[in-house]
Amino acid sequence: MTDPTRAVADRATAGFTTRYGGQAAGRWAAPGRVNLIGEHTDYNEGFVLPFALPLQTVVAADRQDAEQWTVWSELSDETVTFGADDVAEAGRVTGWGAYVAGVVWALREAGHPVPGARMAIASDVPLGAGLSSSAALESAVLAALLDLGGLELPAESQPRLAQRAENVYVGAPTGIMDQSASIRCQAGHALFLDCRDESVEQIPFDLDAAGLAVLVIDSRAPHRHADGEYAARRRSCEAGAAALGVAALRDVSVDHLDTALAQLDDEETRRRVRHVVTEDQRVLDTVALLRAARVRDIGPLLTASHVSMRDDFEITVPEIDTAVEAALAAGALGARMTGGGFGGCVLALIDADRADEVAAAVTAAYAERGFTAPGTLTVLPSPGATRLP
Ligand code: GLA
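How each quantity is defined
Residues numbered from 1 in each chain as written. Predicted model: local features only at pLDDT ≥ 70, side-chain atom pairs only at ≥ 80, totals over all residues. Heavy atoms only, no water. Helix = DSSP H or I, 4+ residues; strand = E, 2+ residues; numbered from the N terminus. Rg over C-alpha atoms; globule rule 2.2 N^0.38 Å. Buried < 20%, exposed > 50% of the residue type's maximum accessible area, 1.4 Å probe, protein only. Contact = heavy atoms within 4.5 Å. Areas by Shrake-Rupley, 256 points an atom, 1.4 Å probe, with all protein chains shown as cover. Lys, Arg positive; Asp, Glu negative; His and termini not counted. Charge placed at Lys NZ, Arg CZ, Asp CG, Glu CD. Pairing = 2+ DSSP bridges. Axes fitted to C-alpha atoms, helices over the stretch in contact; angles between N-to-C directions. Core = buried A, V, L, I, M, F, W, Y, C linked by side-chain atoms within 4.5 Å. Disulfide = S-S within 2.5 Å.

**Q** Would you mind showing me how to read the overall build of the protein here?
**A** On a plain count of helices and strands, the protein comes out with 11 helices and 13 strands. By the compact-globule yardstick of 21 Å for 389 residues, the protein fits well, its C-alpha radius of gyration being 21 Å. In terms of overall dimensions, the protein has C-alpha extents of about 60 × 50 × 40 Å along its principal axes. Residues classed as buried in the protein amount to 57% of the 389 residues present. Excluding contacts between residues fewer than 6 apart, the proportion of contacts in the protein whose partners are at least 24 apart in sequence is 72%. With the model as given, the accessible surface of the protein reaches about 14900 Å², and the carbon-plus-sulfur share is 49%. Positive and negative side-chain charges of the protein, numbering 32 and 54 respectively, have mean locations separated by a distance of 1 Å.

Structure (structure tokens):
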């Protein structure tokens, strides 16, 4: 266990003892993620390439006999309690407790006898930064409930279940990437996920060997209508696929892109389709380079992905574009927004010895424009959800 994990795990353990008395039966951790490349491709049945962060959410838990779930979180220092009635139907628990209730609901809906439980949650994954704090919470709770109940659910089926918690119980129309990353990622690798059949390949992503680092820059941009805009992008993509007569935009290849675009009369839909189709190809190209251990060479693909998100998918904001431009000007090999957009984080691929310089350049560019100072952190591809010793 790395030290940062130990600190958050200790907070969960201590929280459990303070709230409920006694010792938890176990502790389960699940990470946040960044997506190296492949944005807004998951719900188009395309390709993504996320990796897990060293930032984790930890659940310390034990069973309770009644069909009742009691959950304390350090983030709000609040305890939420819900029973069988609250998970009989989606949406009855609201706020952060909905992510926990959603997992109980989804498990029960899939026919699993979920044990009652007491849980204490601690987390290092910042909320609202586009690093999948919700998937980390769902995945850690899912791991805890599966183990506490002695329930069998293969790892490859778990992301879908956690996603249902979010899509149906919470009501956010997100794709399969975040829960897949939190559950299925491995240390030292990026997860090449085919979102159509959910097959995965662990792609070695050895930054150390290449003398490189990934700098994650939290733009601190306030989320501007992110939920509504996300749903609108999804609708545009579905409209584009319908107009082209394909099941999903995944079915349009870059070789046929011009022909496909010529069949669309709406300029906005054309831009959305062009982003998704070219982005799928950039994921495939990135995977090919990583397989050949050419890590440095993926930089231009990352930057091209950003340009496509900015100009065609129109999901970036001034803080995000500023961070990307400043990182590139300071020598980053590539930089792009990561996650759903309208705020969140930027990732920059940099020479490992230039992290401070690039971070300082971004901070200076922010100050010049009067933006709230960004957060910066270098990260390595970390393990997915696990039971802690
Ligand atoms: C959010 C969603 C994911 C994915 C990304 C964009 O993170 O939760 O499913 O669609 O946006 O790539």
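**Q** Explain the sheet that holds strand E8 (residues 200-204) here, please?
**A** Neighbouring strands of a sheet are bound in pairs by backbone hydrogen bonds; such pairs are parallel or else antiparallel. Taking strand neighbours across the sheet as the criterion, the three strands line up as E2-E7-E8 in an open arrangement whose pairing is antiparallel. The open sheet has two edge strands with one neighbour each: strand E2 (47-48) and E8. When strand E7 (residues 189-194) meets E8, the two strands line up antiparallel, connected through five bridges. By the bridge assignment, Ala190 is partnered in E8 with Ile203. Strands in contact with helix H5 (residues 177-184) are E2, E7 and E8; relative to E7, the strand with the most contacts, it is inclined by about 135°. Packed on one face of the sheet, helix H8 (residues 267-291) meets E2, E7 and E8 and runs near 50° to E8.

**Q** Even after reading the chapter, I still don't get unusual backbone geometry, so can you show me in this structure?
**A** What is expected of a backbone is that most residues other than glycine have negative phi and most peptide bonds are trans. Of note, the phi angle at Ala293 is positive, near 60°, even though the residue is not glycine. With respect to the helices and strands, the residue Ala293 is situated in the loop between H8 and helix H9 (299-311). Positive phi, normally seen in glycine, also occurs at Phe342, with a value near 60°. With respect to the element layout, Phe342 can be found in the loop between strand E10 (334-338) and strand E11 (345-351).

**Q** In this structure, what is going on with the nonpolar core? I would like to understand it.
**A** Side chains of nonpolar character tend, in soluble globular proteins, to be buried together. Counting residues in hydrophobic clusters, the biggest one holds 42 residues, and the most contacted among them are Val273 and Ile350. Of all the elements in the fold, those that place two or more residues in this core are strand E9 (212-218), helix H6 (226-244), helix H7 (257-262), H8, helix H10 (318-329), E10, E11 and helix H11 (355-369). The dominant element in this core, judged by the number of residues it contributes, is H11, at six residues. Look past the residues within four positions of Val273 in its chain and what remains in contact with it is Gly240, Leu244, Leu249, Leu257, Leu261 and Leu264. Residues Ala30, Trp105, Ala117 and Ala162 belong to the second largest nonpolar core, which totals 38 residues.

**Q** What's the story with the state of the cysteines in this structure? I'm lost.
**A** Joining two cysteines, a disulfide is a covalent bond between their sulfur atoms. Taken as a whole and judged by the stated rule, the model has zero disulfides. Cysteine Cys195 remains unbridged, with the sulfur of Cys185 as its closest cysteine sulfur at 12 Å. Taking relative accessible area as the criterion, Cys195 reaches 4% and is therefore assigned buried.

**Q** Looking at this structure, I do not really get the sheet that holds strand E3 (residues 50-64). What am I missing?
**A** Here six strands make up an open sheet; going across it, the order is E5-E4-E6-E3-E1-E13 and the pairing mixed. Edge positions in the sheet fall to strand E5 (78-83) and strand E13 (386-388), since each has one partner strand and no second. For this sheet the average axis-to-axis angle between neighbouring strands, irrespective of direction, equals 25°. Against the sheet, helix H2 (residues 97-109) contacts strand E4 (68-73), E5 and strand E6 (116-123), and its axis sits at roughly 25° relative to E5. Strand contacts of helix H3 (residues 133-149): strand E1 (26-35), E3, E4, E6 and E13, with the helix running at about 150° to E1, the strand carrying the most contacts.

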